[in-house]
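Below are the chains, spelled out letter by letter.
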Amino acid sequence: MTSASPTTIAPKAPTTTMGALLVFARRNPTIVIGGSLLASMVFLAVFAPWIVGDPLAMAPANRLRPPSADHLFGTDHLGRDMLARTVFGARVSMIVGVSVAILSISIGLWIGLAAGYYRRVDAIVMRFMDGLMAIPGILLAIALVALTKASVWVVVVAITIPEIPRVVRLVRSVVLSVREQPYVDAAVAGGSRASKIIVRHILPATINPLIVQATYISASAILVEAGLSFLGAGVPPEIPTWGNMIAAARGRLGVAPWTIFFPGLCLAVVVLAVNLLGDGLRDRLDPRIARRM
Amino acid sequence: MIAYIVRRLLATLPVMAIVAVCVFLLLHLSPGDPAAVIAGDNATPANIEMIRKRLGLDEPLWKQFLLWVGQLARGDLGQSMFWNTPVLSLVGQRYQPTLSLALTTLCVAITLALTLGVLAAWRVATIVDRVVMGFAVLGFSVPVFVVGYLLIYVFAIHLKWLPVQGYTPIEEGIVPWLRNLVLPSLALGLAYVALIARITRATMLDVLAEDYIRTARAKGVATHTMLLRHALKNAAVPIVTVIGIGVALLIGGVVITETVFNIPGIGRLVVDAIARRDYPIIQGVIVLFSGIYVLVNLAVDLSYTFFDPRIRY
């Protein structure tokens, strides 16, 4: 949205670092809000063992206690501390979000570059991508997880596969628009090898849209992972995740709503933070798409 | 037109073939051994071998693929291992709740999304616009099951306005049927509303800047006529396209929504199959839902000519 108002008069150049930060925050509120929410969640996830207690320690005498000073988020049906479980649950979400984004982009990028640059590759690859796009991603992930022994990496791969076509289409569309640019013609005329043209002259144009896409892929991966865990097709059940915590608590919504409320809230806040960050980055880095949305 | 529809229907066959190849390759090249997983942790090698034979997994890959495609071409989605009945007949027993949920969600979501999107575009850069866009970001971020439990907690457990869970067949009356579908449709539709509201706002903004809208306003056309008849109808093509693409959200969400609200539909069938490792069911439903997605998007393509008569086939 920021880029939509180029006519606003630029404020006086800030003189201090603090001032520069404030100006950046005023111009890009979503980046700052989303970014700081996300940073604090990552901090909690990384330092979880030093911040909260053991997420697996059971205390049957203390089962289903509502939030109190001892247990800020209450306890679950086995007397486990919900705060510890919720904070540890952030770990799986973060790992899945980041890994799926990196993996799907590093695979999709090369397929997209090849499809955009070589017409013959394009025809075949894009038909396959169309087919892959028609397959419901969460069902495919369910099937892949159900066929293999559950582990975090199986879940990551299962979520990555349906995301690849989205990356391929994005990269391909950028390549198609860039390859008609005069500077690419110049490189061709200059006798550069195709691989050099792609890497030196075309690849850089895909980076900004890919950064934006990476945030959206992370957001959707975190949601799908939570959904898979909720359905019992996710990571092994002994690892606390927001999805399997909610699944375990679902019969007790009336008696112990906090066992669903806190993991649900964290899930929503993290995905919201990633989406806000993505929207902010899109407005800043990719004005072509920003204008359309 | 009819010749065109037939031509387009035939053109979906290659897409479906590619879907079949993708599903088959992904499921059969995955490193796990389905026979071992299905047999469970305490299975003997002989047990695993038996399951492998029964699933035809001992045959070479190309033969398995041809057999499977041959079945698909005859409309056979495979045989459930647990129920020992064809997947298609299991789906047939359970399609009504899923179809009901899908239809009510479509109605609720499209009505809501168009209203919000048109309002946001009409009152662009005001508080209305901000609230709608904020709601859209939220709608993308809150997962189906969290919304579902929140709705159950507020409207069913606390206010006791609506039933907590379950499904009532439509034969037992429209009102009980609808009462059971209100909360699931809202939960399932939220992300879909966000998606459609966003594209509606964006396209309406483009259309509202056109000269013919100014002309309509200048000659005194009522605001609602201007918004709906002049603007929305001309914004329809991108909106309908996104409605079609967004059906993927519904297909994925249906599995989770049916679990949250305990609706005995096709989604539940899949979820129950996960625990029983009944993978022919999962595989069959994937192909079925992919086919529905392709057909829905074909219907969307065909609807362009209705919304924009300049598009002719």
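All values derive from a computational prediction rather than experimental measurement.

Peer 1: Break down the overall build of chain B for me, with residues and values.
Peer 2: Scanning chain B from terminus to terminus reveals 13 helices and zero strands. In chain B, the succession of α and β elements from N to C terminus is α-α-α-α-α-α-α-α-α-α-α-α-α. Oriented by its inertia axes, the alpha-carbon framework of chain B measures out at about 80 × 55 × 40 Å. Relative to its full complement of 313 residues, chain B shows a buried share of 38%.

Peer 1: Before we move on, can you summarise the overall build of chain A with the specific residues and values?
Peer 2: Regarding its fold elements, chain A presents 12 helices and zero strands. When the helices and strands of chain A are listed from N to C terminus, the series reads α-α-α-α-α-α-α-α-α-α-α-α. Structurally, chain A occupies a C-alpha span of about 80 × 55 × 30 Å along its principal axes. Taken across its 293 residues, chain A has 47% of its residues classed as buried. Across chain A, every contact between residues at least 6 apart in sequence was considered, and the portion connecting residues at least 24 apart equals 69%.

Peer 1: Now, about the interface of chain A and chain B: what can you tell me, with residues and values included?
Peer 2: Between chain A and chain B, the residue contacts involve 42 residues of the former and 46 residues of the latter. Counting residues per element, the ones that place at least two in the side of chain A that touches chain B are α5 (119–134), α6 (137–147), α9 (194–231) and α11 (258–285) of chain A. Counted by class, the side of chain A that touches chain B contains 29 nonpolar, eight polar and five charged residues.

Peer 1: With reference to specific residues and values, describe the domain arrangement of chain B.
Peer 2: All names here are of chain B. Each assigned domain of chain B is listed with its residue range as follows: domain 1 (2–73) and domain 2 (90–307). With centres defined by C-alpha atoms, the gap from domain 1 to domain 2 works out at 32 Å. Each partner contributes residues to the interface: domain 1 has 13 residues there, and domain 2 has 10 residues. Secondary structure elements with two or more residues in the side of domain 1 that touches domain 2: α1 (2–29) and α2 (34–39).

Peer 1: I'd like to hear about the environment of D283(A), residue by residue, with values.
Peer 2: For D283(A), the location among the structural elements is in helix α11. For the pair D283(A) and T30(A), spaced 253 residues apart in sequence, the C-alpha separation works out to 9.7 Å.

Peer 1: Give me the confidence of the model for chain B: which residues, what numbers.
Peer 2: All names here are of chain B. Scored by pLDDT, chain B comes out at a mean of 88, with 99% of its residues at no less than 70. Mean pLDDT values over the elements of chain B span from 74, in α2, up to 93, in helix α5 (residues 87–122). Both scores are given for the predicted complex: the pTM is 0.88, the ipTM 0.87.

Peer 1: Please provide a residue-by-residue account of unusual backbone geometry, values included.
Peer 2: Residues and elements named next belong to chain B. Phi angles above zero are rare outside glycine, and K160 is one such case at about 55°. Among the secondary structure elements, K160 is positioned in the loop between α7 (144–158) and α8 (174–208). Classification of K160 by C-beta neighbours within 10 Å gives exposed; the count is 9. Not every positive phi belongs to a glycine, and N262 is a case in point at roughly 55°. Note that N262 resides in the loop between α11 (236–260) and α12 (266–276). Among the residues examined, N262 registers 14 C-beta atoms within 10 Å and is labelled partly exposed.

What counts and how
Residues numbered from 1 in each chain as written. Chains lettered and ligands numbered in written order. Predicted model: local features only at pLDDT ≥ 70, side-chain atom pairs only at ≥ 80, totals over all residues. Helix = DSSP H or I, 4+ residues; strand = E, 2+ residues; numbered from the N terminus. Buried ≥ 20, exposed ≤ 12 C-beta atoms within 10 Å, placed from the backbone. Contact = placed C-beta atoms within 7 Å. Nonpolar A, V, L, I, M, F, W, Y, C, P; charged D, E, K, R; others polar. Domains from an automatic or database assignment. pLDDT = per-residue confidence, 0-100.

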